[in-house]
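A closer look at the structure
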Amino acid sequence: MANGVWHTGYEIVVHLTHADLGHPNRPGLLEEITRPVGVRDRHLLECVEHHEDGICQAEGEGRTPWMAIRRRTMDGATTLVAAHLPLRTKATAEESDKHKAMKERIARTARDHGLSADLEARSDDGRIRTDVLIAGPAGKVGWEAQYSPITAATVRRRSSRAVEHGITPLWVTSDGTSALVDRAPWVLVDDQPWHVIASRKSILVRAGARNLQEWRCDENSQRPCPGSAGMRTCGGFHAHWDLPALCLPPKPTLQLDELVVTSATGSWVPMRIPDPRDARLAARMWVPEQDRARWREIVGPPEPDLDDTDQPEDGQLTFTGEDLDTRCRYGERTHVFDDARRHRATRAAAAPHTWDEVPTHLYRIPRQEQRLVLAPDERQQAAQLLNCPPWHIGPCAGCGAPINRYGHRGHHACPACRQRVRAQ
């Protein structure tokens with residue numbers, strides 16, 4: 001990856017390794033080039049090699065010569081990097097067919113269960129348009145069927161606007177590497193032809209939906225200790241979110257049609273789970289409502305609402321001052337810019353939350369039941385009425401205490417007296 005880009009507006013080379021970007025007379029240049037692509041000219045920044053030679057390596061790999069500037073943190077140092085934008089900006093005919101079939105299936109399922117569903121619903125102020133807007137007892141759920149490439153900034157922007165309008169966003173995709181993963185409530189389904197999506201054949205949710213698992217890590221646990229490679233137990237208390245099929249006991253895999261209904265009725269709800277090993281990371285998922293209540297009982301206050309808090313916090317920029325390198329290094333392993341969020345999401349979702357002891361507030365205090373105290377003659381009357389032997393059959397021959405026929409196996413002596421007799 002080159003450490004510079006060509007600015008088509010000013011016709012200058014921007015040096016990403018220099019604090020002044022190579023142009024001390026342009027103090028606002030950094031803010032300008034780091035603006036989201038969706039709010040600036042897409043052709044503002046160009047690969048330097050493409051500008052000089054008319055071609056670069058990225059063009060043969062489904063990318064354009066146009067660039068976006070992002071921050072990358074490696075080994076504690078945050079630097080500016082340039083990434084080639086995707087070649088396609090519109091959905092193909094196949095993606096459009098899948099998109100249409102998914103929207104129609106979601107709407108059909110909602111209506112079959114008595115819920116209202118509006119396709120291409122627009123807000124009153126016209127700021128948002130939702131693929132399928134479903135209204136149910138739990139509120140409004142805005143389904144977004146995403147089969148074409150999308151940027152993280154777009155996902156965050158559209159999801160935030162939905163929340164502002166009282167809509168819970170729910171993104172469905174068949175691409176596990178999509179930028180929408182864990183940037184908003186989402187689910188992953190299998191990549192299937194449009195006619196399968198349009199049919200009534202079941203579609204399973206492969207990712208984005210989990211169930212809460214909690215256990216005491218001792219010799220009776222069915223699960224290995226997550227912190228000891230399964231070799232021993234720690235005696236602590238673990239809780240984490242697992243895929244339904246991996247739960248103990250296993251739970252049925254959630255189906256897409258089921259989620260259409262339960263997300264609107266409130267049986268399945270969105271969650272944001274911070275990674276206990278890195279507060280900057282988080283996973284988003286759909287979970288059973290009772291699991292969310294139990295999680296909050298264990299952990300404490302609710303997790304933050306939809307916002308940008310799950311984005312990695314960039315540190316202070318580091319400028320190495322290296323000389324300009326104009327060669328396009330797209331595809332080289334040493335400088336690949338990749339969105340590793342999907343890997344972080346899996347880690348955050350599966351990461352166990354561990355306590356040395358079971359949290360005190362989780363102990364169940366047995367309810368003290370009021371006992372009925374009866375005199376001996378009352379017990380005899382009750383026994384005759386119910387046609388059964390009385391509970392206490394008389395005083396102990398040794399100490400005079402009342403004894404229990406069934407509890408003492410028919411011996412007419414209390415345990416203390418029997419022990420004393422054996423000792424003699």
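Our subject is the structure listed above.
My aim in this report is to walk through the structure given alongside it, one point at a time. (Residues numbered from 1 in each chain as written. Predicted model: local features only at pLDDT ≥ 70, side-chain atom pairs only at ≥ 80, totals over all residues. Heavy atoms only, no water.)

1. Comments concerning the overall build of the protein
- Summing up its helical and strand segments, the protein has 10 helices and 18 strands in all.
- Taken over 424 residues, the protein has a buried fraction of 42%.
- When contacts within the protein are restricted to residue pairs at least 6 apart in sequence, those whose partners lie at least 24 apart make up 58%.
- Carbon and sulfur atoms make up 50% of the accessible area of the protein, which amounts to about 23,900 Å² in all. (Helix = DSSP H or I, 4+ residues; strand = E, 2+ residues; numbered from the N terminus. Buried < 20%, exposed > 50% of the residue type's maximum accessible area, 1.4 Å probe, protein only. Contact = heavy atoms within 4.5 Å. Areas by Shrake-Rupley, 256 points an atom, 1.4 Å probe, with all protein chains shown as cover.)

2. Regarding helix α3 (residues 93-112)
- Under the 1.5 Å per step criterion, the end-to-end length of α3 is 28 Å for 20 residues, consistent within 8% with the ideal 28 Å.
- Among the residues making up α3, those that are buried are Glu-95, Lys-98, Ala-101, Met-102, Lys-103, Arg-105, Ile-106, Ala-107, Thr-109 and Ala-110.
- One or two steps after α3, the chain reaches Gly-114, where phi turns positive at roughly 80 degrees. (Expected span 1.5 Å × (residues − 1).)

3. Let's talk about the nonpolar core
- Grouped together as the largest cluster of nonpolar side chains are 29 residues, with contacts concentrated most on Met-102, Ile-106, Ile-134, Trp-143, Val-172 and Leu-259.
- Listing elements by their share of this core, those giving two or more residues are α3, β7 (129-136), β8 (139-146), β9 (167-173), β10 (186-189) and α6 (256-265).
- Filtering out sequence-adjacent residues up to four positions away, Trp-143 remains in contact with Ile-106, Thr-130, Asp-131, Val-132, Ile-134, Leu-170, Val-172, Leu-256, Leu-259, Val-260 and Ser-263. (Core = buried A, V, L, I, M, F, W, Y, C linked by side-chain atoms within 4.5 Å.)

4. Thoughts on the sheet that holds strand β13 (residues 237-242)
- On the basis of which strands lie adjacent, the open sheet formed by three strands has the order β12-β13-β16 and antiparallel pairing. This sheet does not close on itself; its edge strands, each paired only once, are β12 (211-216) and β16 (353-355). On average, each strand axis in the sheet is tilted by 15 degrees relative to the strand beside it, whichever way the strands run.
- Relative to the sheet, helix α7 (residues 289-299) contacts β12, β13 and β16, its axis offset from that of β12 by approximately 45 degrees. (Pairing = 2+ DSSP bridges. Axes fitted to C-alpha atoms, helices over the stretch in contact; angles between N-to-C directions.)

5. Some details on the sheet that holds β10
- Here six strands make up an open sheet; going across it, the order is β6-β7-β8-β9-β10-β11 and the pairing mixed. Each edge of the open sheet carries a strand with a single partner, namely β6 (116-122) and β11 (205-207). Neighbouring strand axes in the sheet, compared pairwise and without regard to direction, differ in orientation by 35 degrees on average.
- One ladder, built from two bridges, connects β10 with β11; its direction is antiparallel. Residue pairing for β11: Val-189 is matched across the bridge by Val-205.
- In the packing of helix α4 (residues 152-164) onto the sheet, the strands contacted are β7, β8 and β9, and the crossing angle to β9 comes to about 145 degrees.

6. Focus: the pattern of salt bridges
- Evaluation of the coordinates by the stated rule reveals 10 salt bridges.
- Asp-112 is the salt-bridge partner of Arg-200, the closest N and O atoms lying 3.2 Å from each other. One end of the pair, Arg-200, is in the loop between α5 (194-198) and β11; the other, Asp-112, is in helix α3, and 88 residues separate them in sequence.
- Under the relative-accessibility criterion, Arg-200 is labelled exposed at 62%.
- Beyond isolated ion pairs, a larger network of salt bridges with shared partners links Lys-103, Glu-120 and Arg-129. (Salt bridge = Lys/Arg side-chain N within 4 Å of Asp/Glu carboxyl O.)

7. Digging into the packing of α3 against α6
- At a minimum axis separation of 9 Å, α3 and α6 run at an interaxial angle of 55 degrees. Compared by their axis directions, α3 and α6 come out oblique. Taken as a pair, α3 and α6 cross one another with a handedness that is right-handed. Packed against α3, whose contacting residues are Met-102, Arg-105, Ile-106, Thr-109 and Ala-110, the element α6 presents Leu-256, Asp-257, Val-260 and Val-261 at the interface.
- Looking at the contact of α3 with α6, its residues break down into six nonpolar, one polar and two charged. (Parallel < 35°, antiparallel > 145°, perpendicular 65-115°, else oblique. Left-handed = near helix turned anticlockwise from the far one by under 90°. Nonpolar A, V, L, I, M, F, W, Y, C, P; charged D, E, K, R; others polar.)

8. Side note on the environment of Arg-156
- Topologically, Arg-156 is positioned in helix α4.
- You can call Arg-156 buried: its relative accessible area is 19%.
- Put simply, Arg-156 and Ala-184 are 28 residues apart on the chain and 7.0 Å apart in space, counted from C-alpha to C-alpha.

9. Thoughts on the state of the cysteines
- Per the counting criterion, the structure on display carries zero disulfides.
- Take Cys-217: it sits in no disulfide, and the sulfur closest to it among the cysteines is that of Cys-225, at 3.7 Å.
- The buried category is assigned to Cys-217, whose relative accessible area is 0%. (Disulfide = S-S within 2.5 Å.)

10. Quick notes on the packing of aromatic side chains
- Following the criterion strictly, the structure yields one aromatic pair and no others.
- Note on Trp-241 and Trp-295: the rings are 5.5 Å apart at their centroids and 55 degrees apart in plane angle, and the pair reads as tilted. Here the residue Trp-241 occupies a position in strand β13, and Trp-295 occupies one in helix α7, the gap between them amounting to 54 residues.
- Seen from the ring of Tyr-10, Arg-26 lies directly overhead, with NZ or CZ sitting 3.9 Å from the centre. (Phe/Tyr/Trp six-rings, centres within 6.5 Å; stacked < 30°, edge-to-face > 60°. Lys NZ or Arg CZ within 6 Å of the ring centre and 35° of its normal.)

11. Observations regarding the environment of Leu-115
- Mapped onto the elements, Leu-115 comes out in the loop between α3 and β6.
- Since its relative accessible area comes to 11%, Leu-115 is described here as buried.
- Among residues more than four places away in sequence, those in contact with Leu-115 are Ala-110, Ile-134, Ala-135, Gly-136, Pro-137, Val-260, Val-261 and Ala-264.

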